[in-house]
Amino acid sequence: MAQMTGAQYKESLKKLNPVIYYLGEKIDNVTTHPAFIPHVNAAALTYEMAIAPEFEELCSAKSHLTGEKINRFTHIHQNHDDLIKKVKMLRAIGQQTGSCFQRCVGFDGMNATYSVTYDIDKKYGTDYHKRFKEFVKMIQTKDLMPSGAMTDPKGDRSLSPSQQKDPDLYVHIVEKKKDGIVVSGAKAHITGAVNSHGHLVMPTSAMKAEDKDYAVCFYVPIDAPGVVHIFGRQSNDTRKCECSMDQGNAEYGCVGGEALIVFDKVFVPNEHVFICGEWEFAFELVERFATFHRQNYGGCKGGLADVLVGAVYALTQAQGTSKASHIRDKIAEMIHLTETVWSCSIACSCQGFAQPAGSFQADPLLANVTKLNVTRNVYEIARLAHDITGGLLATMPSEFDLHDPSVGKYVSKYMAGTADIPVETRIRLIRLIEAMTCGTSLAESMHGAGSPQAQKIMIERRGNLERKKRLAEKLAKIGEQPFLVC
Amino acid sequence: MVSNRFWFADYINRGSHKIRIALKYCGSCNPEIDLSALGAEVRRFIARRESFELVPHDDLDIDILIVLCGCQRACADREDIKSHAKHSLVTAGEGLRGSRVPYKDLAAILAAEIELLNSSESD
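Residues numbered from 1 in each chain as written. Chains lettered and ligands numbered in written order. Predicted model: local features only at pLDDT ≥ 70, side-chain atom pairs only at ≥ 80, totals over all residues. Heavy atoms only, no water.

**Q** Talk me through the overall build of chain A; I want residue IDs and the actual numbers.
**A** The helix and strand inventory of chain A stands at 17 helices and 14 strands. In summary, chain A has a C-alpha radius of gyration of 24 Å against a globular reference of 23 Å for 486 residues, a match within 12%. Burial statistics for chain A: of 486 residues in total, 56% are counted as buried. When contacts within chain A are restricted to residue pairs at least 6 apart in sequence, long-range pairs at least 24 apart make up 76% of them. Just so you have it, chain A exposes about 20,000 Å², and 55% of that area is on carbon and sulfur atoms. (Helix = DSSP H or I, 4+ residues; strand = E, 2+ residues; numbered from the N terminus. Rg over C-alpha atoms; globule rule 2.2 N^0.38 Å. Buried < 20%, exposed > 50% of the residue type's maximum accessible area, 1.4 Å probe, protein only. Contact = heavy atoms within 4.5 Å. Areas by Shrake-Rupley, 256 points an atom, 1.4 Å probe, with all protein chains shown as cover.)

**Q** Quick rundown of the overall build of chain B? Include the residues and the values.
**A** Per the secondary structure count, chain B includes four helices and six strands. Its helices and strands in sequence order give chain B the pattern α-β-α-β-β-α-β-β-β-α, from N to C terminus. For chain B, buried positions account for 46% of its 123 residues. For chain B, the accessible area works out to roughly 6,300 Å², and carbon and sulfur atoms hold 52% of it.

**Q** Let's hear about the nonpolar core: which residues, and what values?
**A** The nonpolar side chains of a soluble globular protein tend to be buried, and buried together. Residue and element names in this part refer to chain A. One finds F36, V183, F218 and F263 to be the most contacted residues of the largest nonpolar core, which totals 80 residues. Other than its neighbours up to four places away in sequence, F218 contacts V171, V183, H199, L200, V201, F263, V268, H272, V273 and F274. Formed by 29 residues, the second largest nonpolar core is a distinct cluster that contains A305, V309, I331 and L432. (Core = buried A, V, L, I, M, F, W, Y, C linked by side-chain atoms within 4.5 Å.)

**Q** How would you sum up the sheet that holds strand β8 (residues 198-201) of chain A? Please name residues and give values.
**A** Residue and element names in this part refer to chain A. Judged by pairing direction, the sheet is mixed, and its four strands sit side by side in the order β5-β8-β9-β12 without closing on themselves. Looking at the sheet topology across the chains shown, the edges are occupied by β5 (146-149) and β12 (273-276). Within this sheet the neighbouring strands show an average axis-to-axis angle of 20°, counted without direction. Bridge analysis of strand β9 (residues 216-221) against β12 gives three bridges, and the strand direction is antiparallel. Bridged to C217 within β12 is I275. This element, helix α5 (residues 104-124), spans β5, β8, β9 and β12 of the sheet and lies at about 70° to β5. (Pairing = 2+ DSSP bridges. Axes fitted to C-alpha atoms, helices over the stretch in contact; angles between N-to-C directions.)

**Q** Describe the packing of helix α9 (residues 325-350) of chain A against helix α10 (residues 364-389) of chain A, listing the residues and the values that go with them.
**A** Residues and elements named next belong to chain A. For the pair α9 and α10, the least separation of the axes is 9 Å and the interaxial angle reads 165°. With respect to their mutual orientation, α9 and α10 come out roughly antiparallel. Classified by chirality, the crossing of α10 by α9 is left-handed. Looking at side-chain class alone, the contact of α9 with α10 contains 16 nonpolar, six polar and four charged residues. (Parallel < 35°, antiparallel > 145°, perpendicular 65-115°, else oblique. Left-handed = near helix turned anticlockwise from the far one by under 90°. Nonpolar A, V, L, I, M, F, W, Y, C, P; charged D, E, K, R; others polar.)

**Q** So what about the side chain of R294(A)? Which residues, and what values?
**A** Residues and elements named next belong to chain A. With respect to the secondary-structure elements, R294 resides in helix α8 (residues 282-319). With no salt bridge to any partner, buried R294 finds its closest opposite charge in E287, at an N-O distance of 7.8 Å. In this view, R294 contacts A367, N368, T370, K371, A449, G450, A454, Q455 and M458; residues no more than four positions away in its chain are not counted. (Lys, Arg positive; Asp, Glu negative; His and termini not counted. Salt bridge = Lys/Arg side-chain N within 4 Å of Asp/Glu carboxyl O.)

**Q** If you had to explain the pairing of strand β1 (residues 19-22) of chain A to someone new, which residues and values would you point to?
**A** Residue and element names in this part refer to chain A. Burial of β1 is one-sided: the residues I20 and Y22 facing one way are buried, the residues V19 and Y21 facing the other way are not. Bridging between β1 and strand β2 (residues 25-26) involves two bridges; their strand directions are antiparallel. Of the residues in β2, the one forming a bridge with Y22 is E25. Once β1 ends, the chain turns through two residues before running back antiparallel as β2, passing L23 with a positive phi of about 55°.

**Q** Outline the interface of chain B and chain A, supporting the account with residue identities and numerical values.
**A** In this complex, chain B contributes 12 residues to the contact, which on the side of chain A involves 12 residues. Here chain B packs against chain A, burying approximately 1,100 Å² in sum over the two surfaces, 42% of which is carbon and sulfur. The largest per-residue losses of area from chain B upon contact with chain A belong to P31(B), Q72(B) and R73(B), which jointly make up 44% of the total buried on that side. R470(A) is the salt-bridge partner of D34(B), the closest N and O atoms lying 3.3 Å from each other. In this structure, the connection of chain B to chain A is made through six residue pairs in polar contact (both at pLDDT 80 or more). Class assignment of the residues belonging to the side of chain B that touches chain A gives a composition of three nonpolar, six polar and three charged. (Buried area = accessible area lost by both parts, 1.4 Å probe. Polar contact = N/O pair within 3.5 Å; in protein donor to acceptor, adjacent residues only side chain to side chain.)

**Q** I'd like to hear about the pattern of salt bridges, residue by residue, with values.
**A** Close approach of charged atoms lets side chains of opposite charge pair. Taken as a whole and assessed by the stated rule, the structure comprises 38 salt bridges over all chains. Measuring nitrogen to oxygen at the nearest pair gives 3.2 Å for the salt bridge that ties K85(A) to D81(A). Here K85(A) pairs with D81(A), and both are found in helix α4 (residues 80-97), just four residues apart, close to one helical turn. On the basis of relative accessible area, D81(A) is assigned to the partly exposed category, the value being 40%. Taking the shortest distance from any N to any O, the salt bridge between D63(B) and K86(B) comes out at 3.5 Å.

**Q** Which residues make up the side chain of T437(A), and what values do they have?
**A** Within the secondary structure, T437(A) sits in helix α14 (residues 423-437). Among the polar contacts listed, one links the side chain of T437(A) to the backbone oxygen of I433(A), at a separation of 2.6 Å.

**Q** Can you lay out the sheet that holds strand β6 (residues 172-177) of chain A for me, pointing to particular residues and giving the numbers?
**A** Strand order in the open sheet formed by six strands is β2-β1-β10-β11-β7-β6 (chain A), and the pairing between neighbours is mixed. Only two strands of the sheet have a single partner each, and these edge strands are β2 and β6 of chain A.

As structure tokens, this is what we get:
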């Protein structure tokens, strides 16, 4: 089976036995629990769209390892076209879900690990890349969804992994056995963790020689002994359990459904260990993963912004403001901001390049620019949406009152907009805008794929300031200068 | 592309005493390295050798084409450009043949690669 349907994906989750806690309760089945259903639905759509004729060109690919048609989320990029199709796929799916569909993180982790393991083998004669190719084949053949688990809790940020008072604040090797390793620690904010099939665990930052036990990359099934998931809260998360319309996006929810993953003395067999102490490659893996992941954000957030712009536009028609010049100007600005981040994603894909492993990498500088713009533009898009929507965004009565026999008539009467558009349409649009712009959703645009300062560091590092200085010095006639600065 | 063995036979048969080397730049939109300086150093290396001759990159009879690209995107690493040459060496920012090479070493490594190609054909 090279590709699963959405239904088959949901069935495959039911066959697993992961340890998951949420609100102090052990969760038996994420596919039937209302807190998780929207996230499962969003991930399931990545399966459905890969086999839908309208989207298969973007959402599927041909495996370079098996020659089989596979879901693009399991693909290793082979050329620029793959990089471009990746972000086009993300925009297309984002337009359908209006929410995070989670599967890009493991996808990016696989692409980063693929090229880094090749480089490690080249230097040390290890066989990580061979192992990893077998792992990728397994993921492609079974069409699995691995999460990408990178961020450690980090404890005292002024200390390196090996200097922490509690060694478990970074995932690390606690024992090396003949047939594998034992690891402990945790990974935080892991998107799609509870509805993945397993976790691709990567180091979170550059390491030094003394941190070598923390330079570890591996894969474990979601229900491996010792793996515990603690699902995070979201703003308005109780609405998922108590109502429908007030969720705004009941089908797919908001953000990716993040969890803390604890590894309590987890055994990892050798065939799923991909870095084991090669500390000097930790930074390479982090940078390549970050590049892939930051490449994405003009795609998926572009797709989400398309939905938001549509919701706001429809709402202006429901509120009778659609012809006001300042409203039209603000909507045009929202589109401009959306297409700006989209342009960044396309640009860093077009400027990608081949790695020694033969796989392709997006341009790191432009990928970081993409994500930094997302941390700003998405907030500005949301601000404009709030401006246009009005204060009702924060004060609107609930769907229970709308349907209440006593006060429902008042809610309908006083929430009405233009006479020809039903009041429920207006309420539904405002709830969708609320779900997409208030609370947890915005924080995801800020910190997902790394915080703004992480992007600034990479941008400064790759900004080639010395060349820019030479360009200026030439025109300012400082010293002896060539006719052309190259 | 002609194989190395036949290439040298062609070279001898042609009656020329010079290896024809060309330089092609990627276009230099936003190079991460000083391409001009690198190119100048390669040109000086070629000029120092009697048996080497610098020819235009669009010449149809090139023995070794040096493609200098300012970043890893390597825009000029294209078959239509390289097909005029029997051998090609492509730099990509601080990289050559998929390996990272610091900028300060690139010219020397390129020179060594050219010598290697030359000597392997002479064996």
